[in-house]
Amino acid sequence: MYKRVLLKLSGEALAGESGSGIDPATVDRVVCQLVELNKKGVQIAIVVGGGNFWRGRQGVAMDKVTADHMGMLATIMNALALQDAIEKKDVPTRVQTALSIPDVAEPFILRKALRHFECGRIVIFACGTGNPYFTTDSGAALRAAEIKADVLLMAKNVDGVYDCDPKTNSGAKKFDTLSYMEVINKNIAVMDFTSVTMCMENKIPIVAFGLAEDNSIVRAVSGEKIGTIIK
């Protein structure tokens, strides 16, 4: 079992089948697994996206920097929703943001985050890197490197990484393992290349798996063979 993990959750994952907003049943399913792992002593960090409320491509007629900042604000809503759901199950949680919004969350301070782990708290990182032109995948890779996570868990809407879209191609091949360079050279869309490169340079394995699979987060953290591992 991994000791310290960073879980990347997309905003769409929290929306469930509706594709937008927050689905309470989906959040509860995720949170129950996080609580179980926390009670086993696993140190958990989460980076959450905001695509269930806003995606940068919606702002095509808008200044890119403005659109990206709107996306960062959307991640805060998801982070607060997760915090509320986790704390209702009596697990202490902290939200840290890359943009300063002190009335609702702590600013990201690495030493504080590490102390929260020592105290048994779950830490949720919002606002990505705090910079436009970077995805929340980049934010996840950056935070995983900073906290020295044992693994970066990518919870996806499919059960792993395929050579083409399995939803439109019944002959799509699923990869059990990939190297970082294979992902880059084959242009495999699992996360952006900045994120993959950062994980490669810091020797952080990536596990991409289906969030909807039964108990998938617990299984991934336990080291069970699930999804696709990139290392």
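The structure presented is a predicted model; accordingly, all values stated were derived computationally and were not measured.

**Q** Break down helix α3 (residues 64–87) for me, citing the residues and quoting the values.
**A** An ideal rise of 1.5 Å per residue puts 34 Å on 24 residues; α3 measures up with 35 Å between its terminal C-alpha atoms. Where α3 starts, the residue carrying a side-chain oxygen 3.2 Å from the main-chain nitrogen of Val 65 turns out to be Asp 63.

**Q** Outline the nonpolar core, listing residues and values.
**A** Counting 40 residues, the largest nonpolar core has Leu 9, Leu 34, Ile 46, Leu 82, Leu 153, Phe 209 and Ile 217 as the members making the most contacts within it. Among residues more than four places away in sequence, those in contact with Leu 82 are Leu 9, Leu 14, Val 27, Val 31, Ile 46, Val 48 and Ile 124. Residues Leu 6, Met 191, Ile 206 and Ile 230 belong to the second largest nonpolar core, which totals 30 residues.

**Q** Please set out the sheet that holds strand β1 (residues 4–9) residue by residue, giving values where relevant.
**A** Read from one edge of the open sheet, nine strands run β4-β3-β5-β2-β1-β6-β10-β11-β9, paired in mixed fashion. Whereas interior strands pair on both sides, the edge strands pair on one side only; in this sheet they are β4 (106–107) and β9 (177–178). Where strand β2 (residues 43–48) lies against strand β5 (residues 122–126), three bridges are found, and the strand directions are parallel. If you follow Val 47 over to β5, its bridge partner there is Phe 125.

**Q** Go over the pattern of salt bridges with me, naming the residues and quoting the values.
**A** Going through the model one piece at a time under the given rule, you end up with eleven salt bridges. Between Arg 219 and Glu 213 there is a salt bridge whose closest N-O contact spans 3.9 Å. Through salt bridges with shared partners, a single ionic network connects Glu 213, Arg 219 and Glu 224.

**Q** Requested: an account of the packing of helix α5 (residues 136–147) against helix α7 (residues 193–201), with residues and values cited.
**A** Their axes nearest at 8 Å, the elements α5 and α7 cross at an angle of 10 degrees. With respect to each other, α5 and α7 are oriented roughly parallel. The segment α5 lies against α7, with Asp 137, Ser 138, Ala 141 and Leu 142 engaging Thr 194, Ser 195, Met 198 and Cys 199. Of the residues contributing to the contact of α5 with α7, the split by class is four nonpolar, three polar and one charged.

**Q** Account for the environment of Ser 18, with residues named and values stated.
**A** Take Ser 18: it is sitting in the loop between α1 (11–15) and α2 (24–39). Between the alpha carbons of Ser 18 and Asn 52 there is a distance of 9.3 Å; along the sequence they are 34 residues apart.

**Q** How would you summarise the side chain of Gln 83 if you had to cite specific residues and measurements?
**A** Structurally, Gln 83 is set in helix α3. Using a relative accessible area of 17% as the deciding quantity, one classes Gln 83 as buried. Sequence-distant contacts of Gln 83, defined by excluding residues within four places in its chain, comprise Thr 93, Arg 94, Val 95 and Ile 124.

**Q** Break down a nonpolar patch on the surface for me, citing the residues and quoting the values.
**A** A cluster of nonpolar residues, Ile 22, Phe 53 and Met 77, forms a patch on the protein surface that exposes about 250 Å² of accessible area. Mapped onto the elements, Phe 53 comes out in the loop between β2 and α3.

**Q** Describe in detail the layout of surface pockets, supporting the description with residues and values.
**A** There is about 160 Å³ of room inside the second largest pocket. What lines the second largest pocket is Tyr 2, Asp 176, Thr 177, Val 207, Ala 220, Gly 223, Glu 224, Lys 225, Ile 226, Gly 227, Thr 228 and Ile 229. Looking at the lining of the second largest pocket, its residues break down into five nonpolar, four polar and three charged.

**Q** Now, about empty space enclosed by the protein: what can you tell me, with residues and values included?
**A** Within this structure, the stated rule accounts for one cavity of 30 Å³ or more. At the level of secondary structure, the elements contributing two or more residues to the lining of the largest cavity comprise β1, α2 and α8 (216–221). In the lining of the largest cavity, the residues fall into eight nonpolar, no polar and no charged.

Basis of the calculations
Residues numbered from 1 in each chain as written. Predicted model: local features only at pLDDT ≥ 70, side-chain atom pairs only at ≥ 80, totals over all residues. Heavy atoms only, no water. Helix = DSSP H or I, 4+ residues; strand = E, 2+ residues; numbered from the N terminus. Expected span 1.5 Å × (residues − 1). Polar contact = N/O pair within 3.5 Å; in protein donor to acceptor, adjacent residues only side chain to side chain. Core = buried A, V, L, I, M, F, W, Y, C linked by side-chain atoms within 4.5 Å. Buried < 20%, exposed > 50% of the residue type's maximum accessible area, 1.4 Å probe, protein only. Contact = heavy atoms within 4.5 Å. Pairing = 2+ DSSP bridges. Salt bridge = Lys/Arg side-chain N within 4 Å of Asp/Glu carboxyl O. Axes fitted to C-alpha atoms, helices over the stretch in contact; angles between N-to-C directions. Parallel < 35°, antiparallel > 145°, perpendicular 65-115°, else oblique. Nonpolar A, V, L, I, M, F, W, Y, C, P; charged D, E, K, R; others polar. Patch = residues over 30% accessible without salt bridge, like charges linked within 9 Å, V, L, I, M, F, W, Y side chains within 5 Å. Areas by Shrake-Rupley, 256 points an atom, 1.4 Å probe, with all protein chains shown as cover. 1 Å grid on protein atoms, 1.4 Å probe; cavity = no way out; pocket = protein on both sides within 12 Å on 5 of 7 lines; lining within 4 Å. Points joined across faces, edges and corners; volume = space filled by probe spheres on them.

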